[in-house]
Amino acid sequence: MDELWEAVSWAQLGYHAKPIGLLNAFGFYDALLAFNHHMTEVGFVRPAHQGILMAETELDLLLTRMRAHEPITPIIRMDPDTL
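Heads up: these notes are all about the structure in this document. Note that the structure is a prediction, hence the values are computed from the model and not measured.

**Regarding the overall build of the protein chain**
Helix and strand counts for the protein chain stand at 3 helices and 2 strands. Listed N to C, the secondary structure of the protein chain is α-β-α-β-α in terms of helices and strands. In terms of C-alpha radius of gyration, the protein chain reaches 13 Å, essentially the compact-globule figure of 12 Å for 83 residues. Burial status across the protein chain gives 27% buried among its 83 residues. Long-range pairs, those at least 24 residues apart, make up 66% of the contacts in the protein chain with a sequence separation of at least 6. Counting 5 positive and 11 negative side-chain charges, the protein chain places the centres of these two groups 8 Å from one another.

See the structure below:
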């Protein structure tokens, strides 16, 4: 989980613009996705960043969404070469 949230937060900060996807087979990540939605509802995650974490129950659908990924506008623009 640490690496998942790190990838999400790095997208928010502009360290990368890659899609982040979860294959939610058999509803395994339902509670995690509900928590992610709750964080947006209470203001912890900006609404524009809610869609950073993509989830689908079918691999083909997830890969299609990831291919169509449009990077979000990050909170700040970080230069990855300075990391």
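Following the structure, the description resumes.
**Quick word on the nonpolar core**
Grouped together as the largest cluster of nonpolar side chains are 9 residues: Leu4, Val8, Ala11, Ile20, Leu22, Leu32, Ile52, Leu53 and Ala55. Residue assignment for this core shows that the elements contributing at least two residues are α1 (2-13), β1 (20-23) and β2 (53-56). Among the elements that line this core, the one with the most residues is α1, at 3 residues. What Leu22 contacts, discounting residues up to four positions off in sequence, is Leu4, Tyr29, Leu32, Leu33, Leu53, Met54, Ala55, Glu56 and Leu62.

**What to know about a nonpolar patch on the surface**
Residues Leu23, Leu59 and Leu63 make up a contiguous nonpolar surface patch of roughly 230 Å² in combined accessible area. Mapping Leu63 onto the fold places it in helix α3 (residues 59-67).

**Some remarks on helix α2 (residues 30-41)**
Taking 1.5 Å per residue as the helical rise, α2 with its 12 residues ought to reach 16 Å, and the 16 Å between its terminal C-alpha atoms agrees with that figure. Structurally, α2 contributes buried residues whose contacts are with α1, β1 and β2. Just downstream of α2, Gly43 is the residue with a positive phi angle, here 90 degrees.

**Some thoughts on the pairing of β2**
In terms of strand pairing, β1 meets β2 through 4 bridges, oriented parallel. Note that in β2 the partner of Leu22 across the bridge is Ala55.

Conventions we followed
- Residues numbered from 1 in each chain as written.
- Predicted model: local features only at pLDDT ≥ 70, side-chain atom pairs only at ≥ 80, totals over all residues.
- Heavy atoms only, no water.
- Helix = DSSP H or I, 4+ residues; strand = E, 2+ residues; numbered from the N terminus.
- Rg over C-alpha atoms; globule rule 2.2 N^0.38 Å.
- Buried < 20%, exposed > 50% of the residue type's maximum accessible area, 1.4 Å probe, protein only.
- Contact = heavy atoms within 4.5 Å.
- Lys, Arg positive; Asp, Glu negative; His and termini not counted.
- Charge placed at Lys NZ, Arg CZ, Asp CG, Glu CD.
- Core = buried A, V, L, I, M, F, W, Y, C linked by side-chain atoms within 4.5 Å.
- Patch = residues over 30% accessible without salt bridge, like charges linked within 9 Å, V, L, I, M, F, W, Y side chains within 5 Å.
- Areas by Shrake-Rupley, 256 points an atom, 1.4 Å probe, with all protein chains shown as cover.
- Salt bridge = Lys/Arg side-chain N within 4 Å of Asp/Glu carboxyl O.
- Expected span 1.5 Å × (residues − 1).
- Pairing = 2+ DSSP bridges.

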